[in-house]
Amino acid sequence: MEHRIVGPGPYRATRLWNETVELFRAKMPLRKHRCRFKSYEHCFTATEAVDWLHELLRRSQNFGPEVTRKQTVQLLKKFLKNHVIEDIKGKWGQEDFEDNRHLYRFPPSSPLKPYPKRPPYQKDVIKFPKWNDAPPGTSQENIPVRPLVMNSEMWYKRHSIAIGEVPACRLVHRRQLTEANVEEIWKSMTLSYLQKILGLDSLEEVLDIKLVNSKFIIHNVYSVSKQGVVILDDKSKELPHWVLSAMKCLANWPNCSDLKQPMCLGFEKDVFKTIADYYGHLKEPLLTFHLFDAFVSVLGLLQKEKMAIEAFQICCLLLPPENRRKLQLLMRMMARICLNKEMPPLCDGFGTRTLMVQTFSHCILCSKDEVDLDDLLAARLVTFLMDNYQEILKVPLALQTSIEERVAHLQRVQIKYPGADMDITLSAPSFCRQISPEEFEYQRAYGSQEPLAALLEEVITDAKLSSKEKKKKLKQFQKSYPEVYQERFPTPESEALLFPEKPKAKPQLLMWALKNPFQPFQRTRSFRM
């Protein structure tokens, strides 16, 4: 009973649904059951389905051990509605599934979810000013230019060519970056960094780039308090005072400084219900509808915790500042309540941690369109957020430093030599990230050996090389890359096939020996002195 890991990428929720449906149909035990004096073959009870599917979801790394039995029942209701299963009489289409002894079976075929077709987004090319252009009202001819003479040591160090006079240079005064230019740089580099972490060729299928607001990114980076919480310019978007007071009360329980009156029995449950009602009636989840696919895609990286944290950091920078602030305050409260041993039970049927996840997961992440696994995915994300909220909701310093250095570089005055091109294309710089030893070994083994193997094949199939030259090159290759060579020629026999031995020609008899082959030896007359 294995559930393969569904990694990041577009339509991850749909891929998870199809994977779960296929596994449920293939592995769910079926047997004979009796109901009302009649026997039914190849079926199962509702309770058996809940038991088996609940265990599958809890063991799956796509969902995790936080999945509850109630969530499993909700998923089976959706299975019944989408005709993944049907009752023993063939009825389906309504979510009337309950955890009981009612009999169900699989239809001849269970429909899988089709992948949605989205209109292709047009890639917007970010247009920067031409930095080589002079500011208005100035001319490059009026800039004084003086040839410089370098000594031999400086010349070799700078140019590594013969000693001589440095060619004439000129100062390039770049145009002042406008606010729009800076915003576009922040947006493009942030999205480039996110795309790099997710390992995707494009973000277009997990994110509508046009809806990303660069002002939100800059505000979330710089307008923060000492505790790292976003400070809002528009105070009308703040949390209501009574909600903020209630959250402080539970976060600091039982030391509630805002309370001036004695607390009655069950007071903490009423305060918690007040907070849950406020967040439950938000018009849009805190992570917004248009970022749903991006956050679900990042869930595919949870097995690589460090990469997942970096990706969540970037995604949370894209949030509107008021949403980011509400999320920060909510996660801090939830984490403190779970760690507070003095907090009385807030619900009789659930533990505190499970209650937090089940209560607030829907107001943090959900889809605008109906997604059958959104409850499970939201619970998985909120669980990870609670465990790592301090890191995830921090500003990624590496990204901030890279962008600030990029902006500073574009604002500097440059020295240009004839023939040197500066900033012809302003592409966003690439980013480096630390990888695990396992990833390094995999990239070393497969990333570098494939080009080398192709090079070896070119040498082998090159008809222009003589056998002698080919043997010489192959010997050099074998000495430099023995592993690649051994994989291509595992045995001496396979190597010998490349250079088959030519049949040896029989030695020809001398012509003088064939003229008189049986002529007897004749003595020559010798003269003795």
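An unreviewed UniProt entry annotates the chain as DEP domain-containing protein 1B of Moschus moschiferus.

1. Examining the nonpolar core
Within the largest apolar cluster, 117 residues are counted, with the highest numbers of intra-cluster contacts made by Phe24, Phe79, Ile85, Tyr279, Phe295, Phe360 and Ile364. With 11 residues, helix H13 (residues 374-392) is the largest single contributor of residues to this core. Beyond its immediate sequence surroundings of up to four residues, isoleucine 85 is in contact with Phe24, Phe44, Leu76, Phe79, Leu80, Trp92, Phe97, Tyr104, Arg105, Phe106 and Pro107. Membership of the second largest hydrophobic core comes to 10 residues, among which are Leu456, Val459, Leu474 and Tyr485.

2. Considerations on the packing of helix H5 (residues 179-198) against helix H6 (residues 214-222)
Here H5 crosses H6 at 85°, and the two axes come no closer than 8 Å. Here H5 lies roughly perpendicular to H6, going by the angle between them. Of the residues in H6, those in contact with Glu179, Glu183, Trp186, Lys187 and Thr190 of H5 are Ser214, Lys215, Ile217, Ile218, Val221 and Tyr222.

3. Digging into H13
In a regular helix each residue adds 1.5 Å, so 19 residues correspond to 27 Å; H13 covers only 21 Å between its end C-alpha atoms and thus falls short of that length. Burial analysis of H13 places 15 of its 19 residues in the buried class, which makes it a mostly covered element.

4. Focus on the sheet that holds strand E1 (residues 31-35)
Strand pairing within a sheet occurs via backbone hydrogen bonds; the two strands may be parallel or antiparallel. If you walk across this open sheet you meet the four strands as E1-E2-E4-E3, and the pairing is antiparallel. The sheet is open, and its two borders are formed by E1 and strand E3 (86-87), each paired with just one other strand. The pairing of E1 with strand E2 (residues 38-45) spans four bridges and is classified as antiparallel. Counted as the bridge partner of cysteine 35 is lysine 38 from E2.

5. Re empty space enclosed by the protein
Throughout the structure, instances matching the rule amount to one cavity of 30 Å³ or more. Of the voids in this model, the largest cavity is the one considered here, and its volume is about 30 Å³. Lining the largest cavity are Gly9, Tyr11, Arg12, Ala13, Phe292, Asp293, Val296 and Ser297. Only helix H1 (12-27) and helix H9 (292-298) provide two or more residues apiece to the lining of the largest cavity.

6. As for the confidence of the model for the chain
In this model, the chain carries an average pLDDT of 79, and 74% of its residues clear a pLDDT of 70 or more. Mean pLDDT across the secondary structure elements of the chain bottoms out at helix H20 (residues 511-515), with 48, and peaks at H6, with 95. Note on residues 121-148: pLDDT is under 50 here. Beyond four places in sequence and across chains, it has 40 contacts. In this model, residues 159-166 is a region of pLDDT below 50 whose contacts with residues beyond four sequence positions or in other chains number 18 contacts.

7. Some remarks on the environment of alanine 46
One can find alanine 46 in helix H2 (residues 46-59). Alanine 46 sits in the buried class, given a relative accessible area of 0%. Along the sequence, alanine 46 and leucine 76 sit 30 residues apart, while their C-alpha atoms lie 8.8 Å from each other.

Rules of the game
Residues numbered from 1 in each chain as written. Predicted model: local features only at pLDDT ≥ 70, side-chain atom pairs only at ≥ 80, totals over all residues. Heavy atoms only, no water. Core = buried A, V, L, I, M, F, W, Y, C linked by side-chain atoms within 4.5 Å. Buried < 20%, exposed > 50% of the residue type's maximum accessible area, 1.4 Å probe, protein only. Helix = DSSP H or I, 4+ residues; strand = E, 2+ residues; numbered from the N terminus. Contact = heavy atoms within 4.5 Å. Axes fitted to C-alpha atoms, helices over the stretch in contact; angles between N-to-C directions. Parallel < 35°, antiparallel > 145°, perpendicular 65-115°, else oblique. Expected span 1.5 Å × (residues − 1). Pairing = 2+ DSSP bridges. 1 Å grid on protein atoms, 1.4 Å probe; cavity = no way out; pocket = protein on both sides within 12 Å on 5 of 7 lines; lining within 4 Å. Points joined across faces, edges and corners; volume = space filled by probe spheres on them. pLDDT = per-residue confidence, 0-100.

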